[in-house]
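Given next are the chains, with one letter for each unit.
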Amino acid sequence: MILFVAATLFGIGILIVLTRKNAMLVLMGIELMLTASMLNFIAFSKDMSSHLFVLLIIVVAAAEITVALALILKIYRYFGHIEIDKILEKEK
């Protein structure tokens, strides 16, 4: 059951990353994929080391969120929106 939930979360995360143009939604998709990987580590855990690895993933996810939100805020201040396609067009 846990593996089905993890696979579903990972699939939804990939779908969001590949189809959305808003940078915040892409970030949310990446977070869903990280959550799915944490669930897989817990599902296949045999000892305490996998739980420590999940804790490391949570710390990395928190650091990634803070850096990504700071970058998205800077992009919004510079361009006035966070649509990825429009930002790439203005760079060229």
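These notes cover the structure that comes with them.

Turning our attention to the overall build of the protein chain. When helices and strands are counted, the protein chain shows 4 helices and 0 strands. Its helices and strands in sequence order give the protein chain the pattern α-α-α-α, from N to C terminus. Relative to the globule expectation of 12 Å for 92 residues, the C-alpha radius of gyration of the protein chain, 16 Å, shows a markedly less compact shape. Counting only C-alpha atoms, the protein chain reaches 50 × 25 × 15 Å along its principal axes.

Mapping Ser 50 onto the fold places it in helix H3 (residues 48–79). We classify Ser 50 as buried; its relative accessible area is 12%. Leaving out residues up to four positions away in the same chain, Ser 50 has contacts with Phe 41 and Ser 45.

Further remarks concern the packing of helix H2 (residues 23–43) against H3. Closest axis-to-axis distance for the H2/H3 pair is 10 Å, and the angle between their directions is 175 degrees. Compared by their axis directions, H2 and H3 come out roughly antiparallel. Of the residues in H3, those in contact with Ala 23, Met 24, Leu 27, Ile 30, Glu 31, Leu 34, Ser 37, Met 38, Phe 41 and Ile 42 of H2 are Ser 50, His 51, Phe 53, Val 54, Ile 57, Ile 58, Ala 61, Glu 64, Ile 65, Ala 68, Leu 69 and Ile 72. Of the residues contributing to the contact of H2 with H3, the split by class is 17 nonpolar, 3 polar and 2 charged.

What follows is about the packing of helix H1 (residues 2–19) against H2. Running from amino to carboxyl end, H1 crosses H2 at an angle of 160 degrees, the nearest separation of the two axes being 8 Å. Classified by the angle between their axes, H1 and H2 sit roughly antiparallel to one another. When you trace H1 past H2, the crossing you get is left-handed. Residues Ile 2, Leu 3, Val 5, Ala 6, Leu 9, Phe 10, Ile 12, Gly 13, Ile 14, Ile 16 and Val 17 of H1 form the contact with H2, whose participating residues are Leu 25, Val 26, Gly 29, Ile 30, Leu 32, Met 33, Thr 35, Ala 36, Leu 39, Asn 40 and Ala 43. Partitioning the contact of H1 with H2 into residue classes produces 18 nonpolar, 4 polar and no charged.

Turning to the side chain of His 81, a few remarks are in order. Mapped onto the elements of the fold, His 81 is located in the loop between H3 and helix H4 (84–91). Sequence-distant contacts of His 81, that is, excluding residues within four places in its chain, are made with Ile 75, Tyr 76, Lys 86, Ile 87 and Lys 90.

Right, let's get into the packing of aromatic side chains. Under the definition given, this model contains 2 aromatic pairs. With 4.7 Å between their ring centres and 70 degrees between their planes, Phe 41 and Phe 53 make a pair best called edge-to-face. Of this pair, Phe 41 sits in helix H2 while Phe 53 sits in helix H3; the two residues are 12 residues apart in sequence, bridging distant segments of the chain. Seen in terms of ring centroids, Tyr 78 and Phe 79 are 4.8 Å apart; in terms of plane orientation they differ by 90 degrees. Their pairing is edge-to-face. A residue is classified by how much of its surface remains accessible, and Tyr 78, at 69% relative accessible area, is exposed.

Reading the values: the criteria
Residues numbered from 1 in each chain as written. Predicted model: local features only at pLDDT ≥ 70, side-chain atom pairs only at ≥ 80, totals over all residues. Heavy atoms only, no water. Helix = DSSP H or I, 4+ residues; strand = E, 2+ residues; numbered from the N terminus. Rg over C-alpha atoms; globule rule 2.2 N^0.38 Å. Buried < 20%, exposed > 50% of the residue type's maximum accessible area, 1.4 Å probe, protein only. Contact = heavy atoms within 4.5 Å. Axes fitted to C-alpha atoms, helices over the stretch in contact; angles between N-to-C directions. Parallel < 35°, antiparallel > 145°, perpendicular 65-115°, else oblique. Nonpolar A, V, L, I, M, F, W, Y, C, P; charged D, E, K, R; others polar. Left-handed = near helix turned anticlockwise from the far one by under 90°. Phe/Tyr/Trp six-rings, centres within 6.5 Å; stacked < 30°, edge-to-face > 60°.

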